[in-house]
Amino acid sequence: QALEDQYSPSRWSPRLDRDTIIDAHLAVTAAGTERARASAQTLLHVPYGNEDGEKLDIYFPTDPSETFPVLVYIHGGYWQCLSKDESGFAAPPLVSQGVAVVAVGYNTAPKGHMDAMVLQVRRSLVFLVERYPRIRGIYLCGHSAGAHLAAMVLSTDWTEFQVVPDIKGVVLVSGVYDLEPILHTYVNDALNMSREVAQRNSPMRHVTPAVPAACEVLVAVAQHDSPEFRRQSHEYSQALREAGWSVSLLDLAGVDHFDVIEKLSEDSYVLTQV
């Protein structure tokens, strides 16, 4: 029961009760994405594979130069809900600064399983690199389950893909980096992970030594994330640091697991600025 509480982010917000905060989050991110689609030049539902979930939404910079950086956003939803269709809310402040934003879709559970989701996110990056030679540096941003998937990208052996994406930065927001505790909670009902699958897909267990000129990693966590979420962020950032990665931990005051990412639609928000 203690683990159930710790891994139920909706129980920890001082703003809203647990029954309304998820609906509120859906409403805010969906509305923000609608605004982004209305204001930016977009390419929606671009397939990067043959599966239903393997599609991207691309928000192009307002004033694209010859080359441009891209922020690839990987949504949360505990690997079983949300989609790219509510994941464009962070685009407006970035496209106005010459950055393209890509919202990645993947097959959520129960249709998708953990190994497949990790592979889909990796393949989406390969697709972007091959399809858009004008991209100058990839920055990954993942929230919650999406932060887990982004962290798994850091441990990718790219030789099997014959493409090495130029990942310059990774922003991990309120993520889960060790899946073992999840096995003992309601979250695993849909995921149906074995211990072996959980271990194979835990970034904490697959921290690779940083390569020279490796990307910068920002691990962000909310003041009102649960103690377990906060512990995981601290321990994962420490593990990366010990492996030689350039990593900083940003502890964001006054926000919970949900508005920590929702506020990326605001120019003045500290995480948007970083």
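Thresholds applied
Residues numbered from 1 in each chain as written. Predicted model: local features only at pLDDT ≥ 70, side-chain atom pairs only at ≥ 80, totals over all residues. Heavy atoms only, no water. Helix = DSSP H or I, 4+ residues; strand = E, 2+ residues; numbered from the N terminus. Rg over C-alpha atoms; globule rule 2.2 N^0.38 Å. Buried < 20%, exposed > 50% of the residue type's maximum accessible area, 1.4 Å probe, protein only. Salt bridge = Lys/Arg side-chain N within 4 Å of Asp/Glu carboxyl O. Pairing = 2+ DSSP bridges. UniProt positions renumbered as here; feature names shortened; annotations may be inferred. 1 Å grid on protein atoms, 1.4 Å probe; cavity = no way out; pocket = protein on both sides within 12 Å on 5 of 7 lines; lining within 4 Å. Points joined across faces, edges and corners; volume = space filled by probe spheres on them. Nonpolar A, V, L, I, M, F, W, Y, C, P; charged D, E, K, R; others polar.

Okay, the overall build of the protein next. Along its length, the protein carries ten helices and eight strands. A compact globule built from 274 residues should have a C-alpha radius of gyration of about 19 Å, and the protein, at 17 Å, falls within 12% of that. Taken over the C-alpha atoms alone, the protein extends approximately 55 × 40 × 35 Å along its principal axes. By residue count, 55% of the 274 residues in the protein fall in the buried class.

Attention now moves to the pattern of salt bridges. A complete count under the given rule lists 18 salt bridges for this structure. Between Asp259 and Arg15 there is a salt bridge whose closest N-O contact spans 3.4 Å. With Asp259 in helix α9 (residues 259–262) and Arg15 in the loop between α1 (2–6) and α2 (18–39), the pair connects residues that are 244 residues apart, well separated along the chain. Residue class for Asp259 comes out buried when judged on its relative accessible area of 7%.

This next bit is on the environment of Thr20. Along the chain, Thr20 falls in helix α2. Each C-alpha atom of the pair Thr20 and Ser10 lies 8.7 Å from the other, and the pair is ten residues apart in sequence.

Take the pairing of strand β8 (residues 246–256) next. For strand β7 (residues 216–224) and β8, the ladder comprises eight bridges, and the chain directions are parallel. Its bridge partner being in β8, Glu216 is matched across the sheet by Ser246.

Our focus in this paragraph is the UniProt feature "domain: BD-FAE-like" (unreviewed entry) in the protein. Feature annotation in UniProt places "domain: BD-FAE-like" (unreviewed entry) on residues 56–184, given in this structure's numbering. Taken as a whole, residues 56–184 contains 26% helix and 26% strand, while its terminal C-alpha atoms sit 32 Å from one another.

Our focus in this paragraph is the layout of surface pockets. Of the pockets and cavities examined, the largest pocket occupies roughly 450 Å³. Breaking the lining of the largest pocket down by element, the ones donating at least two residues are β3 (68–74), β5 (135–143), β6 (167–173), β7 and α10 (270–273). At four residues, the largest contribution of residues to the lining of the largest pocket is made by β6. Looking at side-chain class alone, the lining of the largest pocket contains 13 nonpolar, three polar and two charged residues.

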